[in-house]
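Here is how the chains run, residue by residue.
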Amino acid sequence: MSASTLRSHSDSTSLAARHNTVARSLRAELYRLRSWPAMWTTVGTWFLLAMVFGYVFPYVSYTTGTAGSSTEGEPTEALLCSVLPESIPDVLVQGTPLFGGALVLVLGALIAGNGYSWGTWKTVFTHGRLRPTIGALLALAVIVAEMVVVTAVLCTIVSVSLAAIETQPLTMPSAGTFLRSAGTAYLVFMMWGTIGFALGTYARSAALSVGLGLVWMLVVENLLRGVGSALQLVEDMTAFLPGAAGSLVGAVTGGGDGTPGVVDVISGPRALMTVTAYIVVAVVTTGILVRSRDVN
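Residues numbered from 1 in each chain as written. Predicted model: local features only at pLDDT ≥ 70, side-chain atom pairs only at ≥ 80, totals over all residues. Heavy atoms only, no water.

A. Local environment of the overall build of the protein. Helix and strand counts for the protein come out as 12 helices and zero strands. Going residue by residue from the N terminus, the α and β elements of the protein occur as α-α-α-α-α-α-α-α-α-α-α-α. Among the 296 residues that make up the protein, the fraction classed as buried is 43%. Across the protein, every contact between residues at least 6 apart in sequence was considered, and the portion connecting residues at least 24 apart equals 81%. (Helix = DSSP H or I, 4+ residues; strand = E, 2+ residues; numbered from the N terminus. Buried < 20%, exposed > 50% of the residue type's maximum accessible area, 1.4 Å probe, protein only. Contact = heavy atoms within 4.5 Å.)

B. Molecular detail of the side chain of Ser25. In this fold, Ser25 is placed in helix 1 (residues 3–34). Ignoring any residue separated from it by four or fewer positions in sequence, one finds Ser25 in contact with Arg131, Pro132 and Gly135.

C. Main features of the packing of helix 5 (residues 96–117) against helix 7 (residues 130–165). Put simply, helix 5 and helix 7 touch, their axes get as near as 11 Å, and they point 155° apart. When the interaxial angle is binned, helix 5 and helix 7 end up roughly antiparallel. Where helix 5 crosses over helix 7, the handedness of that crossing is right-handed. Where helix 5 approaches helix 7, its residues Val104, Leu107, Gly108 and Ile111 are matched on the opposing element by Ala136, Leu140, Ile143, Val144 and Met147. (Axes fitted to C-alpha atoms, helices over the stretch in contact; angles between N-to-C directions. Parallel < 35°, antiparallel > 145°, perpendicular 65-115°, else oblique. Left-handed = near helix turned anticlockwise from the far one by under 90°.)

D. Inspection of the packing of aromatic side chains at higher detail. Counted according to the given criterion, the structure contains five aromatic pairs. Ring geometry for Phe53 versus Phe57: centroids 5.3 Å apart, planes at 85°, classification edge-to-face. On the criterion of helical spacing, the pair formed by Phe53 and Phe57 is a turn pair, its members being four residues apart in helix 2 (residues 37–64). What makes Phe53 partly exposed here is its relative accessible area of 43%. Judged by relative accessible area, which is 45%, Phe57 ranks as partly exposed. (Phe/Tyr/Trp six-rings, centres within 6.5 Å; stacked < 30°, edge-to-face > 60°.)

E. Spatial organisation of the nonpolar core. Ranked by internal contacts, the top residues of the largest apolar core, which has 72 residues, are Tyr55, Ile111 and Ile143. Top element by residues in this core is helix 7. It accounts for 13 residues. Those residues in contact with Ile143 that sit more than four places away from it in its chain are Leu30, Leu33, Arg34, Met39, Val43 and Leu107. (Core = buried A, V, L, I, M, F, W, Y, C linked by side-chain atoms within 4.5 Å.)

F. Layout of the side chain of Glu166. Along the polypeptide, Glu166 turns up in the loop between helix 7 and helix 8 (175–203). One buried charged residue, Glu166, forms no salt bridge at all, with the nearest opposite charge on Arg180 at 27 Å. Beyond its immediate chain neighbours, meaning those up to four positions away, Glu166 contacts Tyr59, Tyr62 and Leu80. (Lys, Arg positive; Asp, Glu negative; His and termini not counted. Salt bridge = Lys/Arg side-chain N within 4 Å of Asp/Glu carboxyl O.)

G. Looking closely at helix 12 (residues 268–292). Relative to the 36 Å expected for 25 residues at 1.5 Å per residue, helix 12 spans 36 Å between its end C-alpha atoms, a close match to the ideal helical length. Among the residues of helix 12, those classed as buried are Gly268, Ala271, Thr274, Val275, Ile279, Ala282, Thr286, Gly287, Leu289 and Val290. (Expected span 1.5 Å × (residues − 1).)

H. Spatial organisation of unusual backbone geometry. Of note in the backbone geometry, Thr167 takes a positive phi value of approximately 50° without being a glycine. Checked against the element boundaries, Thr167 lands in the loop between helix 7 and helix 8. Overall, the relative accessible area of 69% leaves Thr167 in the exposed class. Of note, the phi angle at Arg204 is positive, near 55°, even though the residue is not glycine. Locating Arg204 in the fold gives a position in the loop between helix 8 and helix 9 (206–228).

I. The arrangement of the environment of Gly135 in detail. If you trace the backbone, Gly135 turns up in helix 7. Linking Gly135 and Val22, residues 113 residues apart in sequence, is a C-alpha distance of 5.3 Å. With residues near it in sequence (within four places) discarded, Gly135 still touches Val22, Ser25, Leu26 and Glu29.

Below, the structure written as structure tokens:
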């Protein structure tokens, strides 16, 4: 056997070993997360809030007639339409920029930060640093995908049930519209999740990274957007902040209509590029931090 053949065989064996290591890290991380009460609490809170704000509150307002308007009948009809199957894409994505994103940020920060707080990363990193981190990020991506799928299933079940109760036609959304909303929800969740993961890696603490992320997301960005109404420079700067994910959701739903977190600051394509860029930057930053620092 020639030397070049031996090198080729050695390289392919090494690549397969690396892939196996990442796959084992992914399986181990998924097992850990699915056995972790904090993960189920965080994910369950998202499902609860999505159903309450997407269906319970609008339907209760519709049935009790508590919504007022200058034109009789319009608000109640709009509320009914918002809980029917044709509105599933909007309900699926409308909560992701604010409270949904905040919960996934917390999840990402907990996955990374608790590994340092509990000392588990110190042990895992003795066998390599980058591949276990990739496995953890892939596990986060899988959990986020499952969140989107389960949310879509819950929305479908609830909306179809309400349509049957109200004897309304079952007008389902098109597959393209549904997939666009699901993809948007996934990207927004992944942006906040990877940012939380990067913060947890940087701070080496779940509590500190959660605090930093939520303060920025819920306080600082809102303050900057408020100031931006008076200062053009600040307004231009806010277009590059992570909150621009709300513009991506707004492009999908056709506008915010007062939904918290959904804005119309930049165009949909630009918002898509911004969200994607933040995911890439967060993942690369995490890798640089893990490779360059000692684990103590």
